[in-house]
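Survey of secondary and tertiary structure
So you can see what is in the structure, the chains are spelled out below.
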Amino acid sequence: MSPAIRPGTILVISRLRYGFRLPGSRSYLLRWDNPAPGEVVVFYTPEDLIAVKRCAGLTGKGDFIALGDNGVQSFDSRSYGPVPADNIIGKVLGIK
């Protein structure tokens, strides 16, 4: 199955949707929200790769479950477990 987002696709991302972080920092200085189930977010995976996945839910300790739209072929939380909310880069607002 081919990736849902092809090379050359432009994503419009809100980097301030969930909080504020200093440039170059990997943790939020101020956090005011978490992703809701169903929102598409850009984040760093535990392997330090950038991924675009849908939030399937939050866990009790500030982590979220990321699921890809390609089902069992997607490299997501089924492979690497919950993702810390501090790894979120932003929310996808649109695709061009």
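Above this text sits the structure in question.
What you see is a predicted model, and the numbers here were worked out from it, not measured in a lab. (Residues numbered from 1 in each chain as written. Predicted model: local features only at pLDDT ≥ 70, side-chain atom pairs only at ≥ 80, totals over all residues. Heavy atoms only, no water.)

The next subject is the overall build of the chain. Helix and strand counts for the chain come out as one helix and eight strands. Along the chain, helices and strands appear, N-terminal first, in the series β-β-β-β-β-β-α-β-β. Over its C-alpha trace the chain gives a radius of gyration of 13 Å, about what one expects of a compact globule, namely 12 Å for 96 residues. Projecting the C-alpha coordinates of the chain onto the three principal axes gives extents of approximately 40 × 30 × 25 Å. Counting all 96 residues of the chain, 33% fall into the buried class. Long-range contacts, defined here as pairs at least 24 residues apart, represent 42% of the contacts in the chain between residues at least 6 apart. (Helix = DSSP H or I, 4+ residues; strand = E, 2+ residues; numbered from the N terminus. Rg over C-alpha atoms; globule rule 2.2 N^0.38 Å. Buried < 20%, exposed > 50% of the residue type's maximum accessible area, 1.4 Å probe, protein only. Contact = heavy atoms within 4.5 Å.)

With antiparallel pairing, six strands are arranged side by side in an open sheet as β1-β8-β4-β5-β6-β7. The open sheet has two free edges, formed respectively by β1 (11-14) and β7 (83-84), since each of these has just one partner strand. When strand β4 (residues 40-44) meets strand β5 (residues 50-58), the two strands line up antiparallel, connected through five bridges. By the bridge assignment for β5, Val41 is matched with Lys53. (Pairing = 2+ DSSP bridges.)

With that settled, consider unusual backbone geometry. At Asp48, a position not held by glycine, the phi torsion is positive, near 70 degrees. Looking at the element boundaries, Asp48 is found in the loop between β4 and β5.

Another point: the nonpolar core. If you look at the biggest cluster of nonpolar residues, it comprises eleven residues: Tyr18, Tyr28, Val41, Phe43, Ala51, Cys55, Phe64, Ala66, Tyr80, Val83 and Ile88. Within the residue set of this core, elements represented by two or more residues are β4, β5 and β6 (63-67). When neighbours within four sequence positions are excluded, Ala66 is seen to be in contact with Phe43, Lys53, Arg54, Asp76, Ser77 and Tyr80. (Core = buried A, V, L, I, M, F, W, Y, C linked by side-chain atoms within 4.5 Å.)

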